[in-house]
Amino acid sequence: TSHLVAISGLHVGLVAGLATLGMQGVVTLLSLVGVNLFIRRGLLALGGLTAALTYAQLAGWPTSSLRAVWMIGAAFLAAQLSRGGCVSTSIALAALAVALGEPARVGTAAYWLSFGAVVGIVRFSRGISGLVPSTWPWVARTTWKAMSTSIGAVIGTLPVCAWLFQDFPVLSCLANLVAVPLVGLVAVPGALLGALGVEPAIWAGDLALHLALIWVSWCDGPVLHPAVGPWGA
């Protein structure tokens, strides 16, 4: 769950999404007065990308936020050009852009973990979620599909974690199952809205963090210690 206290791509994407949602009202009004679709899509992209850039700038441009900004920009560009977005292509674009902008980042754990996590999610999560039989109860199927995202991220980051940290908490996916929505969907928006003066949002964010900490303490289970060298990784 350490990614929850970093300025991760999740946070940048959430801020961009909230900004885009906030622009929807303006775009709807423009559609009523006959403004064409290209301009309306452009305004949505501008609002979302501006919010993402501003948030990443305030955070000091960590690698995870750079990756997220480039991927968000690629998604908005694909939408603007009425083309289907390809996640793998946007990951590759982000990896290349970050490497060209500051080549030294390529040799950092932040680069390996950030891109490893998102590649793991894209490559493995769908297949893992499909392992659930359709005969399972709806709650069980939904829970497993939610956990599949964390499992994919674990697979993507395990080589680096085994090399650098030699720690693998067995219940990490279960911890993220509850902690991610509490922090990502309640605490972070609550903090952002609280900064704008919405006091109830601060209370909601504080409660979400408190519940997340309780849940994570309950998931404090056994830890494996896989250890490999660089070639093993």
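Remember, it's a predicted structure, so these values are computed and weren't measured experimentally. (Residues numbered from 1 in each chain as written. Predicted model: local features only at pLDDT ≥ 70, side-chain atom pairs only at ≥ 80, totals over all residues. Heavy atoms only, no water.)

1. Side note on the pattern of salt bridges
Alright, step 1. Counted according to the given criterion, the structure contains one salt bridge.
Alright, step 2. Linking Arg-105 and Glu-102 is a salt bridge whose minimum nitrogen-to-oxygen distance equals 3.1 Å.
Alright, step 3. The exposure class assigned to Arg-105 is buried, which follows from its relative accessible area of 15%.
Alright, step 4. Its relative accessible area of 39% is what places Glu-102 among the partly exposed residues. (Salt bridge = Lys/Arg side-chain N within 4 Å of Asp/Glu carboxyl O. Buried < 20%, exposed > 50% of the residue type's maximum accessible area, 1.4 Å probe, protein only.)

2. Describing the layout of surface pockets
Alright, step 1. Considering only enclosed or pocket space, the second largest pocket measures out at about 260 Å³ in volume.
Alright, step 2. In this structure, the second largest pocket is lined by 15 residues; those nearest its centre are Leu-4, Val-5, Val-183, Ala-187 and Leu-209.
Alright, step 3. Elements with a contribution of two residues or more to the lining of the second largest pocket: α7 (172–195) and α8 (199–218).
Alright, step 4. Of the residues forming the lining of the second largest pocket, the biggest block, six residues, is contributed by α7.
Alright, step 5. Among the residues forming the lining of the second largest pocket, the class breakdown is 13 nonpolar, two polar and no charged. (1 Å grid on protein atoms, 1.4 Å probe; cavity = no way out; pocket = protein on both sides within 12 Å on 5 of 7 lines; lining within 4 Å. Points joined across faces, edges and corners; volume = space filled by probe spheres on them. Helix = DSSP H or I, 4+ residues; strand = E, 2+ residues; numbered from the N terminus. Nonpolar A, V, L, I, M, F, W, Y, C, P; charged D, E, K, R; others polar.)

3. Considerations on the packing of helix α3 (residues 63–80) against helix α5 (residues 109–129)
Alright, step 1. Their axes nearest at 9 Å, the elements α3 and α5 cross at an angle of 40°. Looking at the two axes, α3 sits oblique to α5. As for the relative orientation of α3 and α5, their crossing is right-handed in sense. Across the interface between the two elements, Thr-63, Ser-64, Arg-67 and Met-71 of α3 pack against Ala-110, Tyr-111, Ser-114, Phe-115 and Val-118 of α5.
Alright, step 2. Class assignment of the residues belonging to the contact of α3 with α5 gives a composition of five nonpolar, three polar and one charged. (Axes fitted to C-alpha atoms, helices over the stretch in contact; angles between N-to-C directions. Parallel < 35°, antiparallel > 145°, perpendicular 65-115°, else oblique. Left-handed = near helix turned anticlockwise from the far one by under 90°. Contact = heavy atoms within 4.5 Å.)

4. Structural notes on the environment of Thr-63
Alright, step 1. Considering the arrangement of structural elements, one finds Thr-63 in helix α3.
Alright, step 2. It is 14 Å that separates the C-alpha atoms of Thr-63 and Ala-52, two residues lying eleven residues apart in sequence.
Alright, step 3. Excluding anything up to four places from it in sequence, Thr-63 contacts Val-98, Arg-105, Ala-110 and Tyr-111.
Alright, step 4. In this structure the side chain of Thr-63 is engaged in a polar contact, spanning 2.8 Å, whose partner is the side chain of Arg-105. (Polar contact = N/O pair within 3.5 Å; in protein donor to acceptor, adjacent residues only side chain to side chain.)

5. Here's the deal with the environment of Arg-40
Alright, step 1. Its place among the elements puts Arg-40 in helix α2 (residues 37–59).
Alright, step 2. Note on Arg-40: relative accessible area 18%, which makes it buried.
Alright, step 3. Sequence separation of Arg-40 and Cys-219 is 179 residues, and the distance between their C-alpha atoms is 46 Å.
Alright, step 4. If sequence neighbours within four positions are ignored, Arg-40 has contacts with Val-27, Leu-30, Ser-31 and Val-35.

6. Some points on the side chain of Ser-114
Alright, step 1. By the element assignment, Ser-114 lies in helix α5.
Alright, step 2. In this structure the side chain of Ser-114 is engaged in a polar contact, spanning 2.7 Å, whose partner is the side chain of Arg-67.
Alright, step 3. Setting aside its immediate chain neighbours within four residues, Ser-114 contacts Ser-64 and Arg-67.

7. Focus on α3
Alright, step 1. Between its first and last C-alpha, α3 extends 26 Å over 18 residues, near the 26 Å set by a 1.5 Å rise per residue.
Alright, step 2. Burial of α3 is extensive: 13 of the 18 residues sit out of reach of the surface. (Expected span 1.5 Å × (residues − 1).)

8. Remarks on the nonpolar core
Alright, step 1. Of all hydrophobic cores here, the largest spans twelve residues; its members are Val-12, Val-15, Ala-16, Ala-45, Ala-51, Ala-52, Tyr-55, Ala-56, Ala-68, Val-69, Ile-72 and Phe-76.
Alright, step 2. Elements represented by at least two residues in this core include exactly α1 (9–32), α2 and α3.
Alright, step 3. Ranked by the residues each element gives to this core, the list is headed by α2, at five residues.
Alright, step 4. With sequence-adjacent residues up to four places away left out, Ala-51 is seen in contact with Val-15, Ala-16 and Ala-19. (Core = buried A, V, L, I, M, F, W, Y, C linked by side-chain atoms within 4.5 Å.)

9. Here's the deal with a nonpolar patch on the surface
Alright, step 1. Where nonpolar side chains cluster on the molecular surface, the patch consists of Leu-29, Leu-32 and Val-33 and spans about 360 Å² of accessible area.
Alright, step 2. With respect to the secondary-structure elements, Val-33 resides in the loop between α1 and α2. (Patch = residues over 30% accessible without salt bridge, like charges linked within 9 Å, V, L, I, M, F, W, Y side chains within 5 Å. Areas by Shrake-Rupley, 256 points an atom, 1.4 Å probe, with all protein chains shown as cover.)

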